[in-house]
Amino acid sequence: MSLKKRYLMTPGPTPVPAEILLSMAKPIIHHRTAEFEETVKEARAGLQYIFNTKNEVLLFASSGTGAMESSIVNCFSAGDSVIVARNGKFGDREKQIAETYGLEVIDLEYAWDEVVKTEDIARELAANPAVRGVIVTQSETSTGVLNPIKEIAEVVRAYDETIMIVDSITGIGAVACETDDWGLDVVMTGSQKGLMLPPGLAAVSVSEKAWRAVERSTLPKFYFDWKKYRKSIDKNTTPFTPALTLIQGLNEALKLMQEEGRENLIERHSLLAEATRQGVEALGLKLFAPPEGRGSAVTPVWTPEGIPSGKIVKIMKEDYGVTITNGQDDYKDRIFRIGHLGYFGMFDIITTLTALEMALTKLDYDFEQGVSIKAAESVFLAART
Ligand SMILES: *Cc1c(COP(=O)(O)O)cnc(C)c1O
């Protein structure tokens, strides 16, 4: 008997709404045309809205990691010092990329369930005034931790030659990210996260202060040379063949996001996250991220004693069609992660909690059936949705 309908509850890739899928079903056009220039023009304005910025937002045919690498090679030179504050897998990746290109990394390492501390960054900057960049992940997808980007940026702002680089790949579209008001110099995201698109497109906002860093940078670059993209985007085009299908889809996504509005978008994600948290806590499970730093993109949860989280993930997927993800690195089989970033509504959460309860029942975990649904329902009812 198969009663399966598929649900993708992961923090990237995320589900793509039908309107967006359809917008990408059009015949391929050539990119050196007025038609494509119109497409890019629309994308530029929509991205500025979503990033809360007047900066130009550059687009690359790459996954999110391409955007991360591009910000290192464009903003720095070999031997430059940067502070990397890391409390999860993606922060680790920032450090690896910086070291790959010969930067001196001042390594602020935290436990995965800790939040980056602004005072540590203030202290390191005061002690090392030659630091050229501070690199922080806003929403750590491996842990669900939300780092205090606004407060950190306030500290970095005082240093004229130091730029603030933010991996907001699962932040944009899910939590507040006020690029201009907070003074964020480089902010990046990827298509398969909050933008509700298939993987393959990355976007980076670059401030005037960051462009000055670009002028100083001597690291080699070709495909990811931001200056080439700036020159092209001025003429509503890209230096190389763009992921034009994805950019068409992006415009549909940006339209949906603008219709919903930035504030509502953030409010919806915070409600989905709260309902998920209340639901799993009602089951007697413990949340991984600390209360002072919980994001809205993904909810990581400690697996019950004696049950490897991989078993829960497997039963939910194979028996019930609901895909969530395991923990990464040291937390594999110790936590599971429920994604709710992008195209999600309240019943996706209810469905996922039901599948979780059924999987836990099969694994002989002791709890009262239905408690997580009741808890999540209460959150949605209280919000008068
Ligand atoms: C997904 C993600 C990335 C980029 O990963 P890709 O697989 O290269 O798209 C970077 N940082 C964070 C926080 C992410 O969630």
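Rules of the game
- Residues numbered from 1 in each chain as written.
- Predicted model: local features only at pLDDT ≥ 70, side-chain atom pairs only at ≥ 80, totals over all residues.
- Heavy atoms only, no water.
- Helix = DSSP H or I, 4+ residues; strand = E, 2+ residues; numbered from the N terminus.
- Rg over C-alpha atoms; globule rule 2.2 N^0.38 Å.
- Contact = heavy atoms within 4.5 Å.
- Areas by Shrake-Rupley, 256 points an atom, 1.4 Å probe, with all protein chains shown as cover.
- Lys, Arg positive; Asp, Glu negative; His and termini not counted.
- Charge placed at Lys NZ, Arg CZ, Asp CG, Glu CD.
- Expected span 1.5 Å × (residues − 1).
- Buried < 20%, exposed > 50% of the residue type's maximum accessible area, 1.4 Å probe, protein only.
- Pairing = 2+ DSSP bridges.
- Axes fitted to C-alpha atoms, helices over the stretch in contact; angles between N-to-C directions.
- Arc of directions from axis to C-beta.
- Phe/Tyr/Trp six-rings, centres within 6.5 Å; stacked < 30°, edge-to-face > 60°.
- Lys NZ or Arg CZ within 6 Å of the ring centre and 35° of its normal.
- Near = heavy atom within 4 Å.
- Polar contact = N/O pair within 3.5 Å; in protein donor to acceptor, adjacent residues only side chain to side chain.
- Nonpolar A, V, L, I, M, F, W, Y, C, P; charged D, E, K, R; others polar.

S.K.: So what's going on with the overall build of the protein? Which residues, and what values?
M.R.: When you go through the protein residue by residue, the secondary structure sums to 14 helices and 14 strands. Relative to its length of 385 residues, the protein is compact, with a C-alpha radius of gyration of 21 Å against a globular reference of 21 Å. For the protein, the spread of C-alpha atoms along the principal axes amounts to about 60 × 55 × 35 Å. Counting only contacts in the protein whose residues sit at least 6 apart along the sequence, the fraction spanning at least 24 positions is 72%. Accessible surface for the protein amounts to roughly 16000 Å². Of this, 51% is attributable to carbon and sulfur atoms. Of note, the protein has its 42 positive side-chain charges centred 4 Å away from the centre of its 53 negative side-chain charges.

S.K.: A description of helix α3 (residues 64–75) should follow, citing residues and the corresponding values.
M.R.: With twelve residues, α3 should reach 16 Å at 1.5 Å per residue; the first-to-last C-alpha distance of 17 Å fits that figure. Within α3, the full set of buried residues consists of G64, G66, A67, M68, S70, S71, I72, V73, N74 and C75.

S.K.: Tell me about the sheet that holds strand β2 (residues 56–60), residues and numbers included.
M.R.: Read across the open sheet, the seven strands follow the order β2-β10-β9-β8-β5-β3-β4; overall the sheet is mixed. Every interior strand has two partners, whereas the edge strands, β2 and β4 (104–109), have only one. Taking each pair of neighbouring strands and ignoring which way they run, the sheet shows an average axis angle of 20°. Where strand β3 (residues 81–86) meets β4, six bridges bridge the pair, whose relative direction is parallel. Paired with A85 across the strands is L108, a residue of β4. Lying on the sheet, helix α5 (residues 118–127) is in contact with β3, β4 and β5 (133–137); it crosses β4 at an angle near 150°. Seen against the sheet, helix α9 (residues 226–233) touches β2, β9 (186–190) and β10 (202–206) and runs at an angle of roughly 110° to β2.

S.K.: An account of the pairing of β10 is needed here, citing residue identities and associated values.
M.R.: For β10, a buried count of five out of five residues is recorded, marking the element as mostly surrounded by other parts of the structure. In this structure, β2 lies alongside β10, joined through five bridges in antiparallel fashion. Note on β10: the bridge partner recorded for F60 is A202. Sheet analysis places β9 next to β10, joined by five bridges and oriented antiparallel. Looking at β10, one finds that V186 is bridged to V206.

S.K.: Run through helix α12 (residues 309–320), naming residues and quoting values.
M.R.: Between its first and last C-alpha atoms α12 spans 16 Å; for twelve residues at 1.5 Å apiece the expected length is 16 Å, and the two agree. For α12, the complete set of buried residues consists of S309, I312, V313, I315 and M316. Buried residues in α12, looked at end-on, bunch into an arc of 165°, giving them a common side. Against the buried residues of α12 lie β12 (322–323), β13 (325–326), β14 (335–339) and α13 (346–362). Positive phi shows up at G321, right after α12, with a value of about 75°.

S.K.: Could you give an account of the sheet that holds β13, naming the residues involved and the relevant values?
M.R.: Spatial ordering of the open sheet is given by β11-β14-β13, a layout of three strands whose pairing is antiparallel. The open sheet has two edge strands with one neighbour each: β11 (298–302) and β13. Across two bridges, the pairing between β13 and β14 is antiparallel. Across the sheet, T325 pairs through a bridge with R337, a residue of β14. Contacts from helix α11 (residues 262–282) reach β11 and β14, with the element oriented near 15° to β11.

S.K.: Tell me about the packing of aromatic side chains, and name the residues and values.
M.R.: What the rule picks out here adds up to 13 aromatic pairs. Both rings, one in Y223 and one in F224, keep their centres 5.1 Å apart while their planes meet at 75°; by these two values the pair is edge-to-face. For F224, a relative accessible area of 16% puts it in the buried group. Taken together, F60, F222, Y223, F224, Y229 and F240 form an aromatic cluster joined through their ring pairs. Sitting over the face of the ring of F90, K193 holds its NZ or CZ atom 5.6 Å from the ring centroid. We note R230 situated over the ring of W211; from NZ or CZ to the ring centre the distance is 3.9 Å.

S.K.: Residues and numbers for the site of the ligand, please.
M.R.: Taken together, 14 residues surround the ligand, and among them S63, T65, T141, D167 and K193 come closest. One of the backbone nitrogen or oxygen atoms of G64 is found 2.9 Å away from an oxygen atom of the ligand. Take K193: an N or O atom from its side chain is 2.8 Å from an oxygen atom of the ligand. Coverage of the ligand by the protein chains reaches 88% of its 380 Å² of free accessible surface. Mapped onto the shell around the ligand, the elements with two or more residues apiece are α3 and α4 (89–100). Per element, the largest residue contribution to the shell around the ligand is three residues, and it comes from α3. Among the residues forming the shell around the ligand, the class breakdown is three nonpolar, eight polar and three charged.

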